[in-house]
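Residue-level structural notes
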Amino acid sequence: MLMKKKIVISILTLFIITCVFSIPPVDEGKMIFTSRCASCHNVNKVVVGPALAGVSDRHTEDWIIKFVHSSQTVIKGGDKTATDLYEKFNKVPMPDHTDLSATSIKSILAYIKAETKTSTEAVGFRPNQLRTPYTPVLSTNWEFFTGYMVLVLLLASAMILLVRVKEIERKETGKQ
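Structural notes on the packing of aromatic side chains
Counted according to the given criterion, the structure contains two aromatic pairs. Taken together, a centroid distance of 5.4 Å and an interplanar angle of 45 degrees make the contact between Phe33 and Tyr111 tilted. Within this pair, whereas Phe33 is found in helix α2 (residues 25-37), its partner Tyr111 is found in helix α7 (residues 102-121), the two being separated by 78 residues in sequence. Taking the centre distance of 4.9 Å and the plane angle of 10 degrees together, the rings of Trp63 and Phe67 count as stacked. Here Phe67 and Trp63 lie together in helix α4 (residues 61-69), a separation of four residues that amounts to about one turn. Exposure remark for Phe67: the relative accessible area of 13% places this residue in the buried category.

Some remarks on the layout of surface pockets
Considered as a void within the structure, the largest pocket measures approximately 660 Å³ in volume. The wall of the largest pocket is formed by 34 residues, among which His41, Pro50, Leu52, Phe67 and Met94 lie closest to the centre. Of all the secondary-structure elements, those providing two or more residues to the lining of the largest pocket are α2, α3 (55-58), α4, α5 (71-76), α6 (80-88) and α7. Of the residues assigned to the lining of the largest pocket, the class counts are 24 nonpolar, seven polar and three charged.

Reading the values: rules and limits
Residues numbered from 1 in each chain as written. Predicted model: local features only at pLDDT ≥ 70, side-chain atom pairs only at ≥ 80, totals over all residues. Heavy atoms only, no water. Phe/Tyr/Trp six-rings, centres within 6.5 Å; stacked < 30°, edge-to-face > 60°. Helix = DSSP H or I, 4+ residues; strand = E, 2+ residues; numbered from the N terminus. Buried < 20%, exposed > 50% of the residue type's maximum accessible area, 1.4 Å probe, protein only. 1 Å grid on protein atoms, 1.4 Å probe; cavity = no way out; pocket = protein on both sides within 12 Å on 5 of 7 lines; lining within 4 Å. Points joined across faces, edges and corners; volume = space filled by probe spheres on them. Nonpolar A, V, L, I, M, F, W, Y, C, P; charged D, E, K, R; others polar.

Note that every value here comes from positions in space, so none of it alone points to a role or purpose.
Okay, here's the thing in structure tokens:
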């Protein structure tokens, strides 16, 4: 019986630790992208390398994984798309990232996809369409100040009334 409890506790502990310390793919992808890719790539702008927004729509995951692992191998293999990219970006080779697992690269793609969604939503933003979710307090807003003063006076009156009631109770019980 004691052994069963230890096994159950061990499994539950392992499960909890796994849940707590597992990083969602988008967050993991952001960390990897920031540390490994951001010096040459941006999601929405061309930097040294191409903008990566929509890269999953233009290429298959397998192609992207192979290209990230070794772009020169894909280019030397005669892939027209890879060769065109290499030519378009002044024959600057992308460094090999053979240490990244396929799962890590998929996390980067998930981050790019999430970042593309948030970026395209903000494209139609116009400052004159900005609507504040609240009404700022202005000195001309007499309704607000009147209501505020009435509330303060009611609270002060209630406090004074409570003090008076307490004084009367103390007098009646003879504690004063």
